[in-house]
Amino acid sequence: MTRIALITGATSGIGKATAIKFAENGYNLILCGRRSEKLDELKNKLSKNVKVHTLIFDVRDRKEVEFHLDSLPTEWKNVDILINSAGNAHGLSTIDNGDVDDWDAMIDGNVKGLLYVSKAVIPQMVERKKGHIINLSSVAGKQTYANGAVYCASKKAVEAISEGMRLDLTEHGIKITNIAPGAVATEFSEVRFKGDKERAQKVYEGYEALLPEDIADLIFYTINAPDRVTIADVTVYSKAQSAPTMIYKK
Ligand code: 8X3
């Protein structure tokens, strides 16, 4: 039977690349995001290969998440693979200069949003005794860097949630994969620097950064490993990066 994957943050970056990879390989998709035009565009493109259902909501809005996921049509209710890809960094500054709205956005999206979506999807996995959840963490969740305390904290929370999910859900036949990428060339830095394209571009200059497609390939590998195998935790850097703030640039 065709498997169903639900992807949050599907309008760009890793989420979008994963949606494309999965569609190429015959998975039916529930694509979630905030930007309806981008979701529609992607749906039109991918519907040629597979069935696509779109949900427009902000993971930070608990009521919206609950409403949309509770009212999924019957044929879409049995989600086999949940990919928690929605998340962002907002600002890069010392703790004393941090903007509280930025902190709220990161904690609400990266942590609480991931929990809201997971809470809505997990019960049917428990009932069916199968499922796979992929949480997109970051190398920021492994090692804190200066000016990034709250972003790093939000990703450390993702790490803890992945561990906790694995402890609680393994007995129900559900696999949990935590993926921690280093710098990936996406809209990530543009969001972090609030639309400053020039500053964002510099993050990915002078070396070959990871591409969202690289992470999509990795996700695809983890969900297609033999049933006996759980890829629990993967850290992935580009060849030029050795730590969150160490990138060898030419
Ligand atoms: C994204 C990568 O280097 O900003 O999570 O932590 S980094």
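Each value, and the rule that gives it
- Residues numbered from 1 in each chain as written.
- Predicted model: local features only at pLDDT ≥ 70, side-chain atom pairs only at ≥ 80, totals over all residues.
- Heavy atoms only, no water.
- Helix = DSSP H or I, 4+ residues; strand = E, 2+ residues; numbered from the N terminus.
- Axes fitted to C-alpha atoms, helices over the stretch in contact; angles between N-to-C directions.
- Parallel < 35°, antiparallel > 145°, perpendicular 65-115°, else oblique.
- Left-handed = near helix turned anticlockwise from the far one by under 90°.
- Contact = heavy atoms within 4.5 Å.
- Nonpolar A, V, L, I, M, F, W, Y, C, P; charged D, E, K, R; others polar.
- Buried < 20%, exposed > 50% of the residue type's maximum accessible area, 1.4 Å probe, protein only.
- Pairing = 2+ DSSP bridges.

1. Brief notes about unusual backbone geometry
Peptide bonds are trans in most cases, and residues, glycine excluded, mostly fall at negative phi.
Step number 1: Phi at Lys129 takes a positive value of approximately 60°, unusual for a residue other than glycine.
Step number 2: One non-glycine residue, Lys194, adopts positive backbone phi at about 55°.
Step number 3: Summarising the element assignment, Lys194 is placed in the loop between helix 6 (188-192) and helix 7 (197-203).

2. Brief notes about the packing of helix 1 (residues 13-24) against helix 8 (residues 212-224)
Step number 1: Where helix 1 contacts helix 8, the two axes come as close as 8 Å, and the packing angle between them is 55°. When the interaxial angle is binned, helix 1 and helix 8 end up oblique. In the crossing of helix 1 with helix 8, the sense of the turn from one axis to the other is right-handed. Across from Gly13, Ile14, Ala17, Thr18, Lys21 and Phe22 in helix 1, the residues of helix 8 making contact are Pro212, Glu213, Ile215, Ala216, Asp217, Ile219, Phe220 and Ile223.
Step number 2: Residue composition of the contact of helix 1 with helix 8, grouped by class: nine nonpolar, two polar and three charged.

3. Topic: the pairing of strand 3 (residues 52-56)
Step number 1: Along strand 3, four of the five residues are buried, which leaves the element largely enclosed by surrounding structure.
Step number 2: Relative to strand 3, strand 2 (residues 28-33) is paired through five bridges, and the arrangement is parallel. Along strand 3, the bridge assignment pairs Cys32 with Leu55.

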